[in-house]
Amino acid sequence: MKIDAIYLRELNLPLLRPFQTSFGTTKDRRVVLAEIHSEGLIGWGECTAGEHPNFSEESVDSCWQVITDELGPTLAATSPENGGQCPRIFGAVRGNRMAKATLENAIWDLEAQRQGISLSRLLGGTRNVIPCGVSIGIQSSIGELLELIEREVAAGYQRIKLKCKPGWDVEVFERVRHRFPGITLSCDANSAYRLKDADHLATFDSFDLLMVEQPLWYDDFYYHSMLQKRLDTPICLDESIRNRRDALAAIEMESCQIINIKLGRVGGFSEAVAVHNAAFERGIPVWCGGMLESGIGRSHNIALSSLENFSLPGDVSASKRYWAEDIIEPEVTVSAKGEIAISDAPGRGFEVRTDLVERLTVRKTEIRAHALVS
Ligand code: OSB
Ligand code: MG
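Residues numbered from 1 in each chain as written. Chains lettered and ligands numbered in written order. Predicted model: local features only at pLDDT ≥ 70, side-chain atom pairs only at ≥ 80, totals over all residues. Heavy atoms only, no water.

Student: I tried to follow the domain arrangement of the chain on my own but got confused; where do I start?
Tutor: Many analyses report the size of an interface as the accessible area lost when the parts associate. On domain assignment, one finds that the chain holds domain 1 (5-116 + 352-373) and domain 2 (121-351). Inter-centroid distance (C-alpha atoms) of domain 1 to domain 2 is 23 Å. Between domain 1 and domain 2, the residue contacts involve 43 residues of the former and 50 residues of the latter. Both faces considered, domain 1 and domain 2 share a buried interface measuring about 3,900 Å² in area, 62% of it formed by carbon and sulfur atoms. Looking only at domain 1, the three residues that lose the most surface to domain 2 are Phe55, Arg97 and Arg353, adding up to 18% of its buried area. Where Arg348 meets Asp109, a salt bridge forms, and the shortest distance between an N and an O atom there is 2.7 Å. Counting across the domain 1 and domain 2 interface gives 17 residue pairs in polar contact (both at pLDDT 80 or more). Examining the composition of the side of domain 1 that touches domain 2, we find that 12 residues originate from one element, helix 3 (residues 97-115), more than from any other. Residues that form the side of domain 1 that touches domain 2 fall into these classes: 21 nonpolar, 12 polar and 10 charged. (Domains from an automatic or database assignment. Contact = heavy atoms within 4.5 Å. Buried area = accessible area lost by both parts, 1.4 Å probe. Salt bridge = Lys/Arg side-chain N within 4 Å of Asp/Glu carboxyl O. Polar contact = N/O pair within 3.5 Å; in protein donor to acceptor, adjacent residues only side chain to side chain. Helix = DSSP H or I, 4+ residues; strand = E, 2+ residues; numbered from the N terminus. Nonpolar A, V, L, I, M, F, W, Y, C, P; charged D, E, K, R; others polar.)

Student: Teacher, can you tell me more about the side chain of Gln139 here?
Tutor: In this structure, Gln139 sits in the loop between strand 5 (133-136) and helix 5 (142-155). Side-chain polar atoms of Gln139 contact the backbone oxygen of Gly137, separated by 2.9 Å. Discounting residues that sit within four places of it in the chain, Gln139 has contacts with Glu144, Leu145, Leu148 and Trp168.

Have a look at this one:
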């Protein structure tokens, strides 16, 4: 496909409600979008990096720099046949996976449109509907948290994930389990604990949690494998899994029993499918994580979640949980059974509201072709 133009823009999108994790609080999202024009079609990609480099090493600003100075000019100088070629095209740049995914995913979006098939079908998806859960941030009181859970359970969500950290864990789980004994519950520590907390983490076993997500260091497999031996609750890795090789190492070392796949964290659709397949072949279920995406990233997460081994509810939930107005049409909705239907429309299956995107844009640049290494 001939690349006619690449635009990169940043939008300011205020969250309806601040989102607090063990590493910080997000109030307004700085959403970076790539818009790739090719032979009359437009592919969109969303950057999932946070405002600060505290989930991973990448941030909105590091991605902006790497895309505008390195990846974008290189991509603009090629004519990729498909999204699967992007990892090789970007091969001279190390790391920077969220930056790479921003562009690669837009190419996959274009490829699906060119073929006149849905992104889900292009990726090999087999599900017509996907099971959905929600991720609920740390609140200022347990009472507030209970109200939020009440609302999400009533909306039909199939799994409630609680963000946790030392001081916001066992007492919270106790109160939540007392009030909602039957719900499917999990927790996500975003690396807030250390191996010396193993005895404390073992007390989580009494709350019948589906999993405990990334309890230890963001870059670790070894200590997670030691911890897993001491827990009945399955460990799920998020931050640690950067690619297929990481997934194989973690599975081999028994560092986890479940993997959270995030498109940005692994560098785009190619690697996400590779992680999915590696886990599937070894009997390890996966689910799709979220990074407080706007509708564009959300639409890509939905397509990915249609692959067979995405058998656990993901953090892919309705637009209205995050935004007063989403930038896609229709917005993402979740049924009373806690499911999102997979569209069979060509491409991402949701139109981009370009007028709204334009109004929310705070900076925009056109990326011109030049070879990375000359
Ligand atoms: O660890 O899953 C995480 C949000 C920002 C950074 C990291 C994480 C999260 C979430 C939110 O849990 C998931 C969502 O988009 O709803
Ligand atoms: Mg997580």
